[in-house]
Amino acid sequence: MRKVVYVVDHDASVRRLLSAVLASVSIPTHGYASGTEFLRDVNMSYDGCVLMDVRMPGISGIEVCEHLRRRRLRIPVILLSEFADAPMVIRSMRAGAIDFIQKPFNPQELLDRIQRIFADNDLQAAQDILREAEDESSELLTRRERQVLELALTGKRNKEIADELGIGLRTIETHRSRVMQKLGCKSVLELVRRFQA
């Protein structure tokens, strides 16, 4: 699923600015003018993260985080605010936000944080699929096979996996082949589809 950043801010100019910053690195956005509008639309299929103003008319960004937590929706939220103090940041984190950025923000810093969130999401999804695959498989994977599969599920190519694990490319290809055989799949894509269906 393609990752999207959901921009929630009552100020249309801020939504446009954030969308332009993200478009510069080909990250699509979906804008909402209020927390209420966002909560009406949000569902379990969301993949990406939320950029949301803390202070909005009606329901605040912190209250939206509390609603998401009560509904057990695990989409990561970064809160934005012009005025931030320690109590507000603490309350935001307790409500479920994973980051807090003060306006005006540095565009590159914002992009770096979002890319870290996407990488963390990919790793978590890979680990979830790996657990499900192992539960279903009658023959458990070796430690090395689990490492290879986890990295493959984050989108890394065989050469990148070999470099990261410090072993030969041919060894990686062998491990990957054994993993697919044990799990009854022909490719990583098939494995992802099977366990995310």
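For the structure given in this document, a descriptive report is provided here. Everything quoted here is computed from the prediction, not taken from an experiment.

Our focus in this paragraph is the pattern of salt bridges. Pairs may arise between side chains of opposite charge once their charged atoms sit close together. Applying the stated criterion across every chain, the model contains 7 salt bridges. For the salt bridge of Arg-113 with Asp-99, the shortest nitrogen-to-oxygen distance reads 2.9 Å. One end of the pair, Arg-113, is in helix H5 (residues 107-136); the other, Asp-99, is in strand S5 (residues 99-102), and 14 residues separate them in sequence. With a relative accessible area of 18%, Arg-113 lands in the buried category. Two residues, Glu-145 and Lys-182, come together in a salt bridge whose shortest N-O distance is 2.7 Å. Taken together, the residues span a long stretch of sequence, with Glu-145 in helix H6 (residues 143-153) and Lys-182 in helix H8 (residues 169-183) at a distance of 37 residues.

The subject of this paragraph is the sheet that holds S5. If you walk across this open sheet you meet the 5 strands as S2-S1-S3-S4-S5, and the pairing is parallel. Only two strands of the sheet have a single neighbouring strand rather than two, namely strand S2 (29-32) and S5. Averaged over all pairs of adjacent strands, the angle between strand axes in this sheet comes to 20°, irrespective of strand direction. Examined bridge by bridge, strand S1 (residues 4-8) and strand S3 (residues 48-53) share 5 bridges and lie parallel to one another. Pairing of Val-5 across the sheet is with Cys-49, part of S3. Where helix H1 (residues 12-23) meets the sheet, its contacts fall on S1, S2, S3 and strand S4 (77-81), and the angle it forms with S2 comes to roughly 170°. In the packing of helix H4 (residues 86-95) onto the sheet, contacts are made with S4 and S5, and the angle to S5 comes to roughly 145°.

Any aromatic ring pair is given by two values, namely how distant the centres are and how the planes are angled relative to each other. Per the counting criterion, the structure on display carries 1 aromatic pair. Across from the ring centre of Phe-118, 6.0 Å away, lies the NZ or CZ of Lys-3, which sits over that ring.

Here is what the cut-offs are and how they apply
Residues numbered from 1 in each chain as written. Predicted model: local features only at pLDDT ≥ 70, side-chain atom pairs only at ≥ 80, totals over all residues. Heavy atoms only, no water. Salt bridge = Lys/Arg side-chain N within 4 Å of Asp/Glu carboxyl O. Helix = DSSP H or I, 4+ residues; strand = E, 2+ residues; numbered from the N terminus. Buried < 20%, exposed > 50% of the residue type's maximum accessible area, 1.4 Å probe, protein only. Pairing = 2+ DSSP bridges. Axes fitted to C-alpha atoms, helices over the stretch in contact; angles between N-to-C directions. Contact = heavy atoms within 4.5 Å. Phe/Tyr/Trp six-rings, centres within 6.5 Å; stacked < 30°, edge-to-face > 60°. Lys NZ or Arg CZ within 6 Å of the ring centre and 35° of its normal.

Shape is all these values report; function is a separate question.
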